[in-house]
Amino acid sequence: MSEAPQAARALILFGPPGSGKGTQAKLIQDCLRIAHISTGDMLRERMQCGDDLGQVIKRLVDNGELVTDELVNRMVEERIGRPDCAAGFILDGYPRTLSQAGTICQRLAARGFGWVVVHLKVDYNIIIRRLAGRRHCMKCGAVFNLASNPPKVADSCDKCSAALTVREDDKEQVIRRRLEAYDAQTRPLIEFFSAEGNAFHEVDGAQAAPQQIAMRICELIRNRNGE
Ligand code: ADP
Ligand code: ZN
């Protein structure tokens, strides 16, 4: 479970909000030892600056809308050029639109990376339940779930003891808008990636424990590397 991948590869992990992309990305990062790039985390970090751009981002994110392609494309392009990405990386929550997908495929090809695409499928009723129970540690980034992975002490982070919070965009009416944004803007990626002759896999994100799902995804990537 710990050797580095033989070829430099990007794993594109996408699925609806609450499908478990972030949880999976962290587990896969541990097993394949490649960088984890979460555009959601990068945007939340940027938001905290509180400057004009931070406020624009915050308004969109808190409202369940996507930020502009141009901004995330630029952020990701800068990030994948860093040395820790040379051996490969996981894209978590990016691309999220057809335009982002076209851009990243072109950039990956230009940089000599192969890619594997995994679509995490989860029923919307399960998603709504999961997101409503999600709790975040703003200090260290740990994520808990009241139903499936509760903190040991109520409202307090197991790792750093900071108070846990509910993300503004995990409130119910915002969750609905995020699912609408997913349907309209991200779901078309399924067709895009399956039609391109890419290594495209659908993985059920609700039928097994997170560890088992992560092992399955790591296998898919290893098989691809052995070709
Ligand atoms: P989730 O996948 O659970 O919705 P994320 O943390 O990935 O959560 O994203 C949170 C929010 O950040 C999104 O609802 C959106 O507003 C913004 N965001 C993240 N990634 C992108 C992206 N690639 N393009 C546009 N907006 C994004
Ligand atoms: Zn913490």
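To keep things clear, this report deals only with the structure shown in the data block.

This next bit is on the sheet that holds strand 6 (residues 143-145). The strand order 6-5-7 describes an open sheet built from 3 strands, whose pairing is antiparallel. Edge positions in the sheet fall to strand 6 and strand 7 (164-165), since each of these pairs with one other strand and no more. Note that strand 5 (residues 134-137) and strand 6 share 3 bridges and pair antiparallel. Opposite Arg135, over in strand 6, you have Phe144 as the bridge partner.

Here we take up helix 2 (residues 39-47). For helix 2, every residue scored as buried is listed here: Thr39, Leu43, Arg44 and Met47. Down the axis of helix 2, the smallest arc covering the buried residues is 135°, so these residues share one side. Among the structural elements, strand 2 (35-38), helix 3 (52-62), helix 4 (69-80) and strand 3 (88-92) are those in contact with the buried residues of helix 2.

Attention now goes to the nonpolar core. Core analysis: the largest hydrophobic core is formed by 31 residues, its most contacted members being Phe14, Phe89, Leu91, Leu108 and Phe193. Counting residues per element, this core draws most heavily on helix 4, which supplies 5 residues. Membership of the second largest hydrophobic core comes to 20 residues, among which are Leu13, Ile28, Leu120 and Ala199.

Bringing the coordination of the zinc ion (ligand 2) into the picture now. Those donors, Cys137 (SG), Cys140 (SG), Cys157 (SG) and Cys160 (SG), are the protein atoms that reach the zinc ion (ligand 2), and they lie 2.3 Å from it. When its relative accessible area of 40% is taken as the criterion, Cys140 is described as partly exposed.

Moving on, we get to the site of ligand 1. Ligand 1 sits among 20 residues. The nearest are Lys21, Thr39, Arg44, Glu65 and Arg178. A distance of 3.0 Å is found between a nitrogen atom of ligand 1 and a backbone nitrogen or oxygen belonging to Gly93. At 3.0 Å, a side-chain N or O of Arg96 approaches an oxygen atom of ligand 1. With the chains in place, 96% of the 550 Å² that ligand 1 exposes on its own is no longer accessible.

Across all of its chains, the model carries 18 salt bridges by this definition. Here Arg134 makes a salt bridge to Asp170, at a shortest N to O gap of 3.0 Å. With a gap of 36 residues between them, Arg134 in strand 5 and Asp170 in the loop between strand 7 and helix 7 (172-186) connect regions that are remote in the sequence. For Arg134, a relative accessible area of 16% gives the class buried. Take Asp170: its relative accessible area is 3%, and that puts it in the buried class. Arg187 is the salt-bridge partner of Asp183, the closest N and O atoms lying 2.9 Å from each other. Because the salt bridges share partners, they merge into one network encompassing Arg134, Arg167, Asp169, Asp170 and Arg178.

Bringing the packing of aromatic side chains into the picture now. In total, this model carries 3 aromatic pairs according to the counting rule given. Ring plane angle 45° and centroid distance 6.1 Å describe the contact between Phe14 and Phe193, whose orientation is recorded as tilted. With Phe14 in strand 1 (residues 9-14) and Phe193 in helix 8 (residues 188-195), this pair connects stretches of sequence that are 179 residues apart. Judged by relative accessible area, Phe14 falls into the buried class, the value being 2%. Judged by relative accessible area, which is 0%, Phe193 ranks as buried. When the centroid spacing of 5.0 Å and the interplanar angle of 70° are considered together, the rings of Phe89 and Phe113 count as edge-to-face. With Phe89 in strand 3 and Phe113 in the loop between helix 5 (98-111) and strand 4 (114-121), this residue pair connects regions lying 24 residues apart in the sequence. You'll find Phe89 and Phe113 in the same group, each marked buried. Site record: aromatic cluster; members linked through ring pairs are Phe14, Phe192 and Phe193.

Along strand 5, one buried face is formed by Arg134 and His136 and the opposite face, lined by Arg135 and Cys137, is buried too. Linkage of strand 5 to strand 6, two consecutive antiparallel strands, is achieved through a turn of 5 residues, within which Gly141 is found at a positive phi near 85°. Two elements, strand 5 and strand 7, share 2 bridges in a ladder whose sense is antiparallel. By the bridge assignment, Cys137 is partnered in strand 7 with Leu164.

Definitions and cut-offs
- Residues numbered from 1 in each chain as written.
- Chains lettered and ligands numbered in written order.
- Predicted model: local features only at pLDDT ≥ 70, side-chain atom pairs only at ≥ 80, totals over all residues.
- Heavy atoms only, no water.
- Pairing = 2+ DSSP bridges.
- Helix = DSSP H or I, 4+ residues; strand = E, 2+ residues; numbered from the N terminus.
- Buried < 20%, exposed > 50% of the residue type's maximum accessible area, 1.4 Å probe, protein only.
- Arc of directions from axis to C-beta.
- Contact = heavy atoms within 4.5 Å.
- Core = buried A, V, L, I, M, F, W, Y, C linked by side-chain atoms within 4.5 Å.
- Donors = N, O, S within 2.8 Å, 3.2 Å for Na, K, Ca; no water.
- Near = heavy atom within 4 Å.
- Polar contact = N/O pair within 3.5 Å; in protein donor to acceptor, adjacent residues only side chain to side chain.
- Areas by Shrake-Rupley, 256 points an atom, 1.4 Å probe, with all protein chains shown as cover.
- Salt bridge = Lys/Arg side-chain N within 4 Å of Asp/Glu carboxyl O.
- Phe/Tyr/Trp six-rings, centres within 6.5 Å; stacked < 30°, edge-to-face > 60°.

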